[in-house]
Amino acid sequence: MDAKQDMKNDDTRPFLGFGLGLRTEHYQHVIEHKPQVDWFEIISENYMVPGGKPLANLDKIRADYPMVMHGVSMSIGSTDPLNTNYLKDLKTLINRVEPYWYSDHLCWTHAHNTNSHDLLPLPYNEATINHLASRISQVQDFIGRPMLVENLSSYVTYNESVMSEWEFLNEIAKRSGCYILLDINNIFVSAHNHQFKPKDYINGIDNERVMQFHLAGHSYQGDMIIDTHDHDVCDPVWDLYKYALQRFGAVSTMIERDDNIPEFAELRQELAIAEDIATKALSAEQLHIAGQPVLKGVA
Amino acid sequence: MSALQELQHNFIDYLLGQPSNIAQHIQSTPGLSAEKRLNIYAYAYKARLKEAIGTDYEQLHGYLGDEQFDQLLERFIEKYPSEETNLRYYSINIPTLLRSEEPFNSLPILAEIAEIEAAFADSFDAADSTILTLNDLAPLPESAWETLSFELHPSLQLLSYNYNSFAVWKALSDEEAPPETVQYDSPETWLMWRDSQLITRYRPLLNEEATALAFARQGQSFPAICEALLDYFCEDEVPVKAITFLQTWIQEGLVSKLNY
């Protein structure tokens, strides 16, 4: 069976199944027990080091599981020049891991000679769209493959914003040819913090650009919700996930957990909830897992 | 400067506690003012950096206690805005600050404990390299020994301390009460490296081995190493001592390549 026949939902969106974020706390368990998980997502920067255990463990786990790469430091929205050393290291890691795809965030992290080490939001307007579309194109040309850009949780709205985040994200994807990593929890968090309807976001996103879903937990701090990744996925986010599946069809889904990390088995059980929701929301044919690496060429 | 660049500079200034007009760019809502919204980012900036440093210097934290460690973190974050792309490298200047600034420099062992922890981190993810075995020495022609030099494993570090810092660090990491601080008459050298199983090892070196290994690391030839050892041994003993050191280093996984 060739790859295209193997991709049931459509030709541009292979479905990898259900994955987890690979975390150091689970290395030993994964290496020793090889638990059933369709794929892992790695944080790229954790392996952008010269050598040693991080890369040795990565190679061992990669031998048994498909992977995608997720970065936090590309600073694609910054007005600084693109960090070519970072991009070279990223390309080296991509060549090592051979991921299905790589992603980063719709944000900026570094400017004014300082790295905030945070995912800082952008004003949503035409000037920023032009800026990002150009930079994403440069990254994709350098890496030789299209990237995925993820919506983030945010706590501020700029006076300079003149459109919704989903309109902004669609336009950037359209102009640069990048794909969208849709974080369902981030939609829920930002919807609460900025008083919009999360389903409006999901309804507004262009279906054909969505390549992956993130799920995660969050925390309430007074009137705001903070994207802490330290809790289980909550029921309203599961409901939104179901809604997103009905809107987009089968999309590769994973759970991010970055703090208060439970035993692997517990996290795997939580992933089973995602599988269960998807099984009920979609047909078995839609949930057929693709078997071939994708996004080899620039879109 | 573009509007976006100006906005980003202002945002960074705000995070660093510098004068900034970023709040003028942020919408307030009935429930939450622009300042309160921005404060979420300011809090997260500092919390994230503190968490990174705390992870890197766990034993130093234990030695100083929460209050003084937090004082150190506040000072460091104020003096060293991060220029690192990777958070892994943010805290590398902690020993520099401890060595140079009051009140931390009044206890020199603090910088040494921090250096030990930084050395472990460097060893952990240092570059990989081949590791020779004693079998690699066997085929050497006799003439090779006249120019033989060594490439050592990239994880190898020679650490020099004026205090019993390693004993203090070891007690802290074993969750035992640290011993009293002792200052040495002359610096003590410790060897740290990552072995073939990717475990970081360490041991103290006598001056003669420290000298020989430092020479080897500089790329000096085997005869030059032997000559340096004349400061410690008589001429008849030197070749045997030098060979013994070399065999030990190879067995421990310190040697990556022979050049001759």
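Residues numbered from 1 in each chain as written. Chains lettered and ligands numbered in written order. Predicted model: local features only at pLDDT ≥ 70, side-chain atom pairs only at ≥ 80, totals over all residues. Heavy atoms only, no water.

A.B. asks: Looking at this structure, I do not really get the packing of helix α3 (residues 58-79) of chain B against helix α5 (residues 109-124) of chain B. What am I missing?
C.D. replies: How two helices pack is summed up by the angle between their axes together with the distance between the axes. Residues and elements named next belong to chain B. The interhelical angle for the contact between α3 and α5, taken along N-to-C directions, is 155°, at an axis separation of 8 Å. Regarding the angle of α3 to α5, the classification is roughly antiparallel. Here α3 contributes E58, Q59, L60, Y63 and L64 to the contact with α5, which in turn contributes I109, L110, I113, A114 and E117. A breakdown of the residues in the contact of α3 with α5 according to their chemical character gives seven nonpolar, one polar and two charged. (Axes fitted to C-alpha atoms, helices over the stretch in contact; angles between N-to-C directions. Helix = DSSP H or I, 4+ residues; strand = E, 2+ residues; numbered from the N terminus. Parallel < 35°, antiparallel > 145°, perpendicular 65-115°, else oblique. Contact = heavy atoms within 4.5 Å. Nonpolar A, V, L, I, M, F, W, Y, C, P; charged D, E, K, R; others polar.)

A.B. asks: Even after reading the chapter, I still don't get helix α6 (residues 165-173) of chain B, so can you show me in this structure?
C.D. replies: Of the positions making up α6 of chain B, those classed as buried are S165, F166, V168, W169, A171 and L172 of chain B. Once α6 of chain B finishes, E175 of chain B follows within two positions and takes phi at roughly 55°, a positive value. (Buried < 20%, exposed > 50% of the residue type's maximum accessible area, 1.4 Å probe, protein only.)

A.B. asks: I would appreciate a short explanation of the domain arrangement of chain B in the present structure.
C.D. replies: Taken domain by domain, chain B comprises domain 1 (1-107) and domain 2 (129-260). Each of domain 1 of chain B and domain 2 of chain B has a C-alpha centre, and the two are 39 Å apart. (Domains from an automatic or database assignment.)

A.B. asks: Looking at this model, I keep getting lost on the sheet that holds strand β1 (residues 18-21) of chain A. Mind explaining?
C.D. replies: Strand pairs in the sheet, formed through backbone hydrogen bonds, run parallel or antiparallel to each other. Residue and element names in this part refer to chain A. Strand order in the closed barrel formed by eight strands is β1-β2-β3-β4-β7-β8-β9-β12, with parallel pairing between adjacent strands. Along the sheet, successive strands turn relative to each other by an average axial angle of 25°, direction set aside. Direction of pairing for strand β8 (residues 179-183) relative to strand β9 (residues 210-215): parallel, over a ladder of four bridges. Note that in β9 the partner of D183 across the bridge is H214. Sheet strands touched by helix α7 (residues 184-194): β7 (148-150), β8 and β9. Its angle to β8, the strand with the most contacts, is close to 65°. Contacting β1, β8, β9 and β12 (252-255), helix α9 (residues 235-248) runs over the sheet at an angle of about 170° to β9. (Pairing = 2+ DSSP bridges.)

A.B. asks: Can you help me understand the environment of G249 of chain A in this one?
C.D. replies: All names here are of chain A. With respect to the element layout, G249 can be found in the loop between α9 and β12. Classification of G249 by relative accessible area gives buried; the value is 9%. For the pair G249 and A281, spaced 32 residues apart in the sequence, the C-alpha separation amounts to 8.7 Å. Discounting residues that sit within four places of it in the chain, G249 has contacts with R13, A244, L282 and Q286.

A.B. asks: Can you walk me through the interface of chain A and chain B in this structure?
C.D. replies: Reports of interface size often rely on the accessible area that becomes lost once the parts have come together. Contacts between chain A and chain B engage 43 residues on the former and 41 residues on the latter. Roughly 3,700 Å² is buried in total at the junction of chain A and chain B, and carbon and sulfur atoms are behind 59% of that figure. There are one salt bridge connecting chain A and chain B. Across the salt bridge formed by R48 of chain B and D118 of chain A, the nearest N and O atoms sit 3.5 Å from each other. Taken together, the connections running from chain A to chain B amount to 22 residue pairs in polar contact (both at pLDDT 80 or more). Among the elements of the structure, α3 (53-62), β5 (108-111), β6 (114-120), α5 (126-143), α7 and β11 (224-226) of chain A are those that each provide at least two residues to the side of chain A that touches chain B. (Buried area = accessible area lost by both parts, 1.4 Å probe. Salt bridge = Lys/Arg side-chain N within 4 Å of Asp/Glu carboxyl O. Polar contact = N/O pair within 3.5 Å; in protein donor to acceptor, adjacent residues only side chain to side chain.)

A.B. asks: Just checking my understanding: could you explain the pattern of salt bridges for this structure?
C.D. replies: Pairs can form between side chains of opposite charge whenever their charged atoms are close. Residue and element names in this part refer to chain B. Following the criterion strictly, the structure yields 23 salt bridges over all chains and no others. When the shortest N-O distance is used, the salt bridge between R88 and D122 registers 3.2 Å. With R88 in the loop between α3 and α4 (94-100) and D122 in helix α5, this pair connects stretches of sequence that are 34 residues apart. Residue classification places D122 among the partly exposed positions, given a relative accessible area of 35%. For the salt bridge of D125 with R88, the shortest nitrogen-to-oxygen distance reads 2.7 Å. Of this pair, D125 sits in the loop between α5 and β1 (149-152) while R88 sits in the loop between α3 and α4; the two residues are 37 residues apart in sequence, bridging distant segments of the chain.

A.B. asks: Just to check I follow, could you spell out the environment of V139 of chain A for this structure?
C.D. replies: Residue and element names in this part refer to chain A. Structurally, V139 can be placed in helix α5. You can call V139 buried: its relative accessible area is 0%. Beyond its immediate stretch of four places on either side in the chain, V139 contacts M74, I76, L82, L87, Y102 and M147.

A.B. asks: Looking at this structure, how should I read the confidence of the model for chain B?
C.D. replies: A low pLDDT means the predicted coordinates there should not be read in detail. When pLDDT is averaged along chain B, the result is 96; 100% of the residues meet or exceed 70. Per the prediction output, this complex has pTM 0.92; the corresponding ipTM is 0.91. (pLDDT = per-residue confidence, 0-100.)

A.B. asks: Mind showing me how you'd approach the sheet that holds strand β3 (residues 183-194) of chain B here?
C.D. replies: All names here are of chain B. One open sheet accounts for three strands, arranged β2-β3-β4; its pairing is antiparallel. Each edge of the open sheet is held by one strand with a lone partner, namely β2 (157-163) and β4 (200-205). The average angle at which neighbouring strand axes cross in this sheet is 30°, direction not considered. Note that β2 and β3 share six bridges and pair antiparallel. By the bridge assignment, L159 is partnered in β3 with W190. Here α5 sits on the sheet in contact with β2, β3 and β4, set at roughly 165° to β2. Along the sheet, α6 contacts β2, β3 and β4; its crossing angle with β2, the most-contacted strand, is approximately 100°.

A.B. asks: Help me understand the nonpolar core, please; the structure alone is not making it clear to me.
C.D. replies: When a protein is soluble and globular, its nonpolar side chains tend to lie buried together. If you look at the biggest cluster of nonpolar residues, it comprises 124 residues, and the most contacted ones within it are F40, F213 and Y241 of chain A together with L60 of chain B. Here this core gathers at least three residues from each of two domains, domain 1 (1-107) and domain 2 (129-260) of chain B. When sequence neighbours within four positions are dropped, the list of residues in contact with Y241 of chain A reads F18, I184, F213, L215, T253, A274, I277 and A278 of chain A. Counting residues in hydrophobic clusters, the runner-up holds 29 residues, among them L140, W193, C226 and V255 of chain B. (Core = buried A, V, L, I, M, F, W, Y, C linked by side-chain atoms within 4.5 Å.)

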